[in-house]
Amino acid sequence: MTYLPDRILAGETSADPLDDTFPGGSKDSPRDVPRWPVESGRYRLVAARACPWAHRSIIVRSLLGLEDAISWGAPGPTHDARSWTFDLDPGGVDPVLGIERLQQAYFAREADYPRGITVPAIVDVASGQVVTNDFPQITHDLSFEWREHQRADAPDLWPADLREEMESVMKRVFTEVNNGVYRCGFAGSQEAYEDAYERLFAALDWLEERLADRRFLMGDAITEADVRLFTTLVRFDAVYHGHFKCNRNKLTEMPHLWGYARDLFQTPGFGDEVDFEQIKQHYYVVHTDINPTQIVPAGPDEAGWLTPHGRG
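Reading guide: rules and limits
Residues numbered from 1 in each chain as written. Predicted model: local features only at pLDDT ≥ 70, side-chain atom pairs only at ≥ 80, totals over all residues. Heavy atoms only, no water. Pairing = 2+ DSSP bridges. Helix = DSSP H or I, 4+ residues; strand = E, 2+ residues; numbered from the N terminus. Axes fitted to C-alpha atoms, helices over the stretch in contact; angles between N-to-C directions. Disulfide = S-S within 2.5 Å. UniProt positions renumbered as here; feature names shortened; annotations may be inferred. Buried < 20%, exposed > 50% of the residue type's maximum accessible area, 1.4 Å probe, protein only. Polar contact = N/O pair within 3.5 Å; in protein donor to acceptor, adjacent residues only side chain to side chain. Contact = heavy atoms within 4.5 Å.

A short note on the sheet that holds strand S4 (residues 71-73)
Phase 1: Pairing in this open sheet of 4 strands is mixed, and the strands run S4-S3-S5-S6 from one edge to the other. Lying at the two open borders of the sheet, with one neighbouring strand each, are S4 and strand S6 (129-132). When strand polarity is set aside, the average angle formed by the axes of neighbouring strands in this sheet is 40 degrees.
Phase 2: In terms of strand pairing, strand S5 (residues 121-124) meets S6 through 3 bridges, oriented antiparallel. Among the inter-strand pairings, Asp124 is bridged to a residue of S6, identified as Gln129.

This is how it looks when you write it as structure tokens:
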């Protein structure tokens, strides 16, 4: 959870009037950090559809209509100990950055970069250097700092009147759900697993109840909170239920959460940015300690995601 915390800002300070009240970055991210200017065409978002943390940034970029302002580089679903690779591109080379591994952009920024080579990462195209990989700050700043380049009908993903409650909801979702599935999957003891399992499903039960009388997490409109929950829900039955032993029940067996997840999936910017094959390949091939055979499941059937959701 230690990232390059630089920020790309439209001005000298954050465009978010609540930036100091609700810091948007990862835990312990410093506030006084190097600043880069917002410039259309200057940066490339490197984000794998397979990774839930990177998937957030792909969805937000699409929802806000920033495709022309920030290009997107897509690594393949698997990686080795060195880093993500651009094996989906011709010749295995990113066509804009001209590199085979994301690691090269990190080393351009800091020789022998000592921490994880993570996605999402925003890269300065001219220098080839990573600007930031602080994943929650990236989606926050796409919303607030890039407004001049967003499409006219872009949604307000951070409504000021709901901000305090939304921050509380996102904190619980991150701690108990986004991270909760990983605590189950990588638990080192039966006791740790059972504790993680109980915490995860307590949070999912809370969300099931919350969504019984509202369309989205914060009401009638999609917010950043929904993006953050969706990337875990869309992976739940395909990966977390079996691979991470989160198997009290499937997402499809929680009627409000399942309807909500389908509602989002069928919204432009969500489902069209999902690739179930890449998601499954990432988890079942990369996590050899959990799945040493590297066999990738054939199911579940994806057709259910397009069935009527009955919400709205």
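Concerning unusual backbone geometry
Phase 1: Of note, the amide linkage connecting Val119 to Pro120 takes the cis form, showing an omega dihedral of 5 degrees.
Phase 2: Geometrically, the link from Gly299 to Pro300 is a cis peptide bond, its omega value of 0 degrees lying close to zero.
Phase 3: On the secondary structure map, Pro300 appears in the segment after helix H9 (276-286).
Phase 4: The phi dihedral of Gln294 is positive, around 60 degrees, even though this residue is not glycine.
Phase 5: As for its placement among the helices and strands, Gln294 is situated in the segment after H9.

Focus: the state of the cysteines
Phase 1: Tallied over the full model, the rule gives 0 disulfides.
Phase 2: Unpaired in this structure, Cys184 has its nearest cysteine sulfur neighbour in Cys246, at a distance of 4.0 Å.

Brief notes about the UniProt feature "domain: GST C-terminal" (unreviewed entry) in the protein
Phase 1: Here, UniProt's "domain: GST C-terminal" (unreviewed entry) annotation points to residues 145-283.
Phase 2: Structurally, residues 145-283 is divided into 57% helix and 0% strand, and its ends, taken at the C-alpha atoms, are 33 Å apart.

Structural notes on the side chain of Arg228
Phase 1: Its place among the elements puts Arg228 in helix H7 (residues 224-240).
Phase 2: For Arg228, a relative accessible area of 11% corresponds to the buried category.
Phase 3: Within the structure, Arg228 has its side chain in polar contact with the side chain of Glu224 (distance 2.9 Å).
Phase 4: For Arg228, the residues in contact, after removing those within four places along its chain, are Arg56, Pro136, Thr139, Trp158, Met170 and Asn178.

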